Each structure stands twice: as C-alpha cells, then as structure tokens.
Amino acid sequence: MQKILINGGNLLQGSVPVSGSKNASLPIMAASILTNENLELENVPDLVDVNTMSAVLSSLGVNVTKKDVNTNRLTLRYSDSEITIAEYDLVRKMRASILVLGPLLARKRHASVSLPGGCAIGARPVDLHINALSKLGAAFELDGGYIKCSAPNGLKGNKINFSKVSVGATENIIMAASLARGESEIRNIAVEPEVMDLIDCLNKMGAKIELGENRNVHIQGVDQLQGAVHSIIPDRIEAITYIIGGTIIGNDLKITNLNLEHISNVLELLNELSINYSMGENSIIVNQSEISDGIDINTMEYPGFPTDVQAQMMVLLSLGKSKSQITENIFENRFMHVPELNRMGANIETKGKTAVINPCKGFISAQVMATDLRASVSLILAGLVAKGETTLNRIYHLDRGYEKIEKKLQACGADIRRIN
Ligand code: EPZ
C-alpha cells in the first residue's frame, strides 16, 4: 500500500499548472461510443479514473490510444462491437461508468451496466438516469445487480423534466437524445462547466444541442455523429484546491492554466473572507491569509458553492479566527474527512448535514486515512501546514482525481513524498 508523507510548514511558492478536468473527461470519453470515427481529445488528465474509463470503453469495443506517453492526448474509436455489457469488476471501481448507458442505448438499442453501487459519500442512486432514458423509449429491468435496458425501436425524442438536478443523469440523457429520432426538450438540467464541455464536444461531432434559459436544453436528434478534435476544459476543482492551499500556506503561489469564469463563485467567497488575490488571464496568485470573520456556506449545484471543495474549505476555515459553518446539501454522507481532520487538531462538530468549524490552534501531524477523493486532498492541505510529519494512507483515492499531486507540490517547495 502506498503512503504519502508530508513535513508541514514550508511555504508554497512558484506556480502550479492545473490539469484537464476529470469530470469533463469521463462523459466526453463515453461520447466516443456515439460515432464510428476518431474522437481526438487533448488536455486529458493522467488519472486512475481516466484509465478506468478507458478500460470500460475498451471492454465495449472502443479502441483507446494515447498519442504518446507524455502528452495528455487520447484517440478513441468505437468499432460498433456487439458487446454491450459494462461488467461489475470495472464499474465498481468508478461510478461514472454509468455514463456509457446513454450512448450504448442510442447506438446499440440495448445495454447492461452493473449498478455502480454506493460509495463513501452516499448511496448514489441512478433513478434519475433510468426515468429520463425511459422517457426516450427505453425499457429497464434490474437483474442480478445489473441495469438491463433495451429500446428495440430505437430512442425517440421527448419532453423531460428532471425533478432534481443531476450532473450524470443530465450527461446520459443529452448523449442519448443526440441520436434519438426527433426533438427533445429537457428541463432542470445540471449546468456545471463539465456538462457544458460535453455539449460543446457533442456539437463539434454534429449534434444539434441548443441551450435555453433556466437550465433548459433543446436537442434535435440526428442520424449519426462524426469524429471531432476537442480540448478538455481545466479542472476547476483541482484549481480551487490549490487556491485554498495557497491561502493556507502560500507565498505568491501562482495557479495557472485555469478558467477563472468557472470558479467565480468561489472567488466571491474569498472576497467575503477578505482574502486578497491577483488574477491574470488564466491564472491567479494567492498568499497565506488571515481569516478573521466566520462564514456560512451551503454547497449547491453549479453555479453555487461546489460540494467537491467542501472538505478543502473546512481546512482553511479551521485556521480562521471565528466560527464558520458548512451545510452539505448535495450528498448525504460527505463529512467522512471530519474525524480525520479533528485528529489533526481541527475542532469541527457535525450535526446532520451541517458542520460547525470552530477556530483551532493549528494542525498537528498525525497518521490519517483517506476515505474519498476530495477528503484525501483536505488531509494533504492540513498536512502542509501541520507541524511534524503527517502520513496519509489509502492514497489510491487521491490518484483517482489529482494528477501528479506530490510532484506539483514538491515543485512549489512542499516537503511531500510518496513511499511504498
Ligand atoms: C458528479 O457526480 C461528479 N462526478 C461528482 O464529483 C460531483 O460531486 C457531483 O456530480 C455533484 O456535482 C462526475 O462528474 C464523474 P449527481 P454525479 O448525479 O453525477 C442524487 C468528484 O469528487 N442523485 O449530480 O454522480 C445523488 O445521490 C465527484 O469528482 C439521485 O438521487 O452527481 C446526489 O445526492 C464526487 N438520483 C445528487 O443527486 C440519480 O439518479 C447529485 O448527484 C442521480 C443522482
């Protein structure tokens, strides 16, 4: 089992380049099933989750090749294989495997995808995916832990109104409706930048997707889609993670290759905390900052405060002078990092979906354990400022979503290393 060791206290300086977005790469890779031509992707992050999606797609007949070892460029080409089963042993490693469901239904008119199952942060049901795809004419049954679905007459456009905003369900239905017969009007979609990047890529492939007002989208189904070349947007969650790191222990830390528009909600929050930063065209410079006032944060769907940086924000707020609170409205169990942070000296109390972050005297190094992707990085942030050596176990969570994290931090002066 690999571990990460951190000797805290070194100021972070220099620059950190943000990689391509994990959560845009995964649906866009699944979109390769929608065409028999090459889908050329650039700025794809080198992550465990991307490799898992490559394995799932390969098992379904997609030829996935890296342009060359060092660049983040993938070419995907679907061979219209007869295999339409996404097996459990792959799907259990990554819930986002469910994103092959819509494309397989659209191309092959049937699919079996293992139920992804829950994860540390919640039950993660897929009812919204199933209900929406049913509206396009798909019939579903749950059998032996698999979602089995078929649309013998193909998919037909329809009006769909999501009762709840769901990133993955939005992505599945948009991919399926792109090849359905006729028009679809879909209401209450997720509008995360990653969803917008998928729509941008699909339209480059010849889809006819038009964004309306207030989370509405109109899709005119087409007979087939072509290949395309697409560059993945920067990872806003990774960017915010390093920005928070810089406000904890940075000295003119510059985060580069990011899209400032995608993180405007978090920048507003830093303003509320009177945290100074300076912005370039696609970069930001942050410094270690003292936080005097408390703040009350609610995680919300985009453009609200992202749930994926809730854990990281807790570390920053723990170093503030006043009490703050964060309410987790998206997932039902996303405070698994709290006991670990408290073992490092934080003073966080959770009650239901709200966590109260009391000021603490600073972090102390400890042996800690990662529970999910974003929790693991919050422990790294605490370790960077804690006195002494922090050991982080179960770092496979980390490698799912943060490309070369210890190398990026070492380059900024952090005393961090990975050991077997
Ligand atoms: C995506 O997950 C992201 N993953 C998550 O990032 C992110 O936290 C989440 O969106 C919210 O922004 C990817 O894009 C690969 P949802 P997704 O469907 O699509 C409930 C990370 O760390 N729900 O928007 O699974 C669900 O349980 C990951 O990178 C249903 O009830 O999220 C949750 O409470 C973690 N029924 C809420 O909706 C459904 O059918 C939002 O989930 C689907 C979801």
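None of these values were measured; they are calculated from a predicted model. (Residues numbered from 1 in each chain as written. Predicted model: local features only at pLDDT ≥ 70, side-chain atom pairs only at ≥ 80, totals over all residues. Heavy atoms only, no water.)

Novice: It is not clear to me how the site of the ligand should be interpreted in this structure. Could you clarify?
Specialist: Taken together, 22 residues sit near the ligand, with Asp127, Leu128, Ser166, Asp308 and Ile330 positioned nearest. One of the side-chain nitrogen or oxygen atoms of Ser166 is found 2.7 Å away from an oxygen atom of the ligand. Ile330 is positioned such that a nitrogen or oxygen atom in its backbone is 2.5 Å from an oxygen atom of the ligand. Surface burial for the ligand is 88%, taken as the share of its 820 Å² of free accessible area covered by protein chains. Of all the secondary-structure elements, those providing two or more residues to the shell around the ligand are helix 1 (22-30), helix 5 (127-135), helix 6 (167-178) and helix 12 (373-385). It is helix 5 that contributes the most residues to the shell around the ligand, three residues altogether. A class-by-class count of the residues in the shell around the ligand yields nine nonpolar, five polar and eight charged. Structurally, the shell around the ligand is a two-domain feature, drawing no fewer than three residues from each of domain 1 (3-19 + 234-419) and domain 2 (22-231). (Near = heavy atom within 4 Å. Polar contact = N/O pair within 3.5 Å; in protein donor to acceptor, adjacent residues only side chain to side chain. Areas by Shrake-Rupley, 256 points an atom, 1.4 Å probe, with all protein chains shown as cover. Helix = DSSP H or I, 4+ residues; strand = E, 2+ residues; numbered from the N terminus. Nonpolar A, V, L, I, M, F, W, Y, C, P; charged D, E, K, R; others polar. Domains from an automatic or database assignment.)

Novice: I would appreciate a short explanation of the pattern of salt bridges in the present structure.
Specialist: Opposite charge on two side chains allows them to pair when their charged atoms are near. Per the stated rule, a full pass over the model turns up 17 salt bridges. Among the ionic pairs, Lys148 bridges to Asp143, the shortest N-O distance being 2.9 Å. A salt bridge links Asp399 to Arg418; the nearest nitrogen and oxygen atoms lie 2.7 Å apart. In this pair, Asp399 sits in helix 13 (residues 396-399) while Arg418 sits in strand 24 (residues 415-419), placing the two residues 19 residues apart along the sequence. Take Asp399: its relative accessible area is 18%, and that puts it in the buried class. Judged by its relative accessible area of 27%, Arg418 falls in the partly exposed class. One salt-bridge network, held together by shared partners, links Asp80, Glu82, Arg107 and Lys108. (Salt bridge = Lys/Arg side-chain N within 4 Å of Asp/Glu carboxyl O. Buried < 20%, exposed > 50% of the residue type's maximum accessible area, 1.4 Å probe, protein only.)

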